[in-house]
Amino acid sequence: METALLPISRPALGSGGITGTWRTLKPVVNLAKCIDCGICWLYCPESVIDWEKGQKIKIDYTYCKGCGICAHECPTKAIEMVPETGL
Ligand code: SF4
Ligand code: SF4
């Protein structure tokens, strides 16, 4: 008997579209605190965090909505949400 495959969600990159200028906060990663766990990559609803074990994570700000979920889920608090104007 065949076993049914579990459904897997695969969100497209930046599924919410290009962000534009309305975002007020953006995530900035402190790589010194990052333990390379990939949790931010897993939780980002826009799928805009580029992570691969052994490589520094990168965030695509063109599509990032500034929701802060990555910062909230990061176990080492390596991601800080900073004002757009503060960069
Ligand atoms: S969740 Fe935090 S510690 Fe883990 S990869 Fe992302 S930034 Fe690094
Ligand atoms: S702030 Fe939200 S959209 Fe932007 S990288 Fe973090 S989880 Fe993804």
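Data block above holds the structure.
Computed from a predicted model, the values in this text were never measured in an experiment.

Reading the values: rules and limits
- Numbers given to residues run from 1 along each chain, matching the order in which its sequence is written.
- As a convention, the first chain written is A and the first ligand written is 1, with the rest following in written order.
- Selection of residues for local features in this predicted model requires a pLDDT of at least 70, selection of side-chain atom pairs for listing and counting requires 80 or more, and totals for whole chains, interfaces and linings are taken over all residues.
- Remark: hydrogens and water are excluded; side-chain values derive from all non-hydrogen atoms of the structure.
- One speaks of a salt bridge when a side-chain nitrogen belonging to Lys or Arg is within 4 Å of a carboxyl oxygen belonging to Asp or Glu.
- A run of H or I in DSSP counts as a helix once it spans at least four residues, and a run of E counts as a strand once it spans at least two, with each numbered from the N terminus.
- Here the term buried applies to any residue with accessible area under 20% of the maximum for its type, exposed to any over 50%, and partly exposed to those in between, with areas from a 1.4 Å probe on protein chains only.
- Residues belong to one nonpolar core when they are buried, are Ala, Val, Leu, Ile, Met, Phe, Trp, Tyr or Cys, and are joined through side-chain atoms within 4.5 Å.
- The contact criterion used throughout is that any non-hydrogen atoms of two residues lie within 4.5 Å.
- The rule for a residue being near a molecule or strand is that one of its heavy atoms must lie within 4 Å of it.
- Only Asp, Glu, Lys and Arg are considered charged in this grouping, and only Ala, Val, Leu, Ile, Met, Phe, Trp, Tyr, Cys and Pro are considered nonpolar; every other residue, Gly among them, is considered polar.
- Neither His nor the chain ends contribute to the count of charged residues, in which Lys and Arg are positive and Asp and Glu negative.
- Think of a polar contact as two N or O atoms within 3.5 Å of one another; within protein, one of them needs to be a possible hydrogen donor and the other a possible acceptor, and neighboring residues in sequence only count if both atoms come from side chains.

> What is the right way to look at the pattern of salt bridges in this model?
Pairing between side chains of opposite charge can happen when their charged atoms approach one another. What the rule picks out here adds up to three salt bridges. With a closest N to O distance of 4.0 Å, Lys26 and Glu84 form a salt bridge. Taken together, the residues Lys26 in strand β1 (residues 25–29) and Glu84 in the segment after β4 (79–83) connect sequence positions 58 residues apart. Assessed through its relative accessible area of 26%, Glu84 is described here as partly exposed. One salt bridge connects Lys65 with Glu46, and the closest N-O pair in it is separated by 2.8 Å. Here Lys65, found in the loop between β3 (58–59) and α2 (69–73), pairs with Glu46, found in the loop between α1 (39–43) and β2 (49–50); they are 19 residues apart in sequence, far enough to count as distant. The structure contains a network of salt bridges with shared partners spanning Arg23, Lys26 and Glu84.

> Is there a simple way to explain the nonpolar core in this structure?
What tends to happen in soluble globular proteins is that the nonpolar side chains get buried as a cluster. Grouped together as the largest cluster of nonpolar side chains are 13 residues, with contacts concentrated most on Cys40, Ile49, Ile57, Cys70 and Ile79. Beyond its immediate chain neighbours, meaning those up to four positions away, Ile79 contacts Pro27, Val28, Val29, Cys40, Cys70, Ala71 and Cys74.

> Whenever I open this one, the site of ligand 1 confuses me. Can you help?
Residues in close proximity to ligand 1 include Cys34, Ile35, Cys37, Gly38, Ile39, Cys40, Ile57, Cys74, Pro75, Thr76 and Ile79, which together make up its full environment. Per-class residue counts for the shell around ligand 1 are nine nonpolar, two polar and no charged.

> For this particular structure, what's the right way to read the environment of Gly38?
The residue Gly38 is located in the loop between β1 and α1 in this model. Take Gly38: its relative accessible area is 7%, and that puts it in the buried class. For the pair formed by Gly38 and Cys74, sequence separation is 36 residues and the distance between their alpha carbons is 8.8 Å.

> Can you help me understand the site of ligand 2 in this one?
Lining the immediate environment of ligand 2, one finds 13 residues, of which Cys44, Cys64, Cys67, Gly68 and Cys70 sit closest. Tallied by class, residues from the shell around ligand 2 come to 10 nonpolar, two polar and one charged.

> In this structure, what is going on with the side chain of Asp36? I would like to understand it.
Tracing the backbone through its elements, the reader meets Asp36 in the loop between β1 and α1. Despite its burial, Asp36 remains without a salt bridge, the nearest opposite charge being carried by Lys53 at 4.3 Å. Side-chain polar atoms of Asp36 contact the side chain of Trp51, separated by 2.7 Å. Discounting residues that sit within four places of it in the chain, Asp36 has contacts with Trp51, Glu52, Lys53, Gly54 and Gln55.

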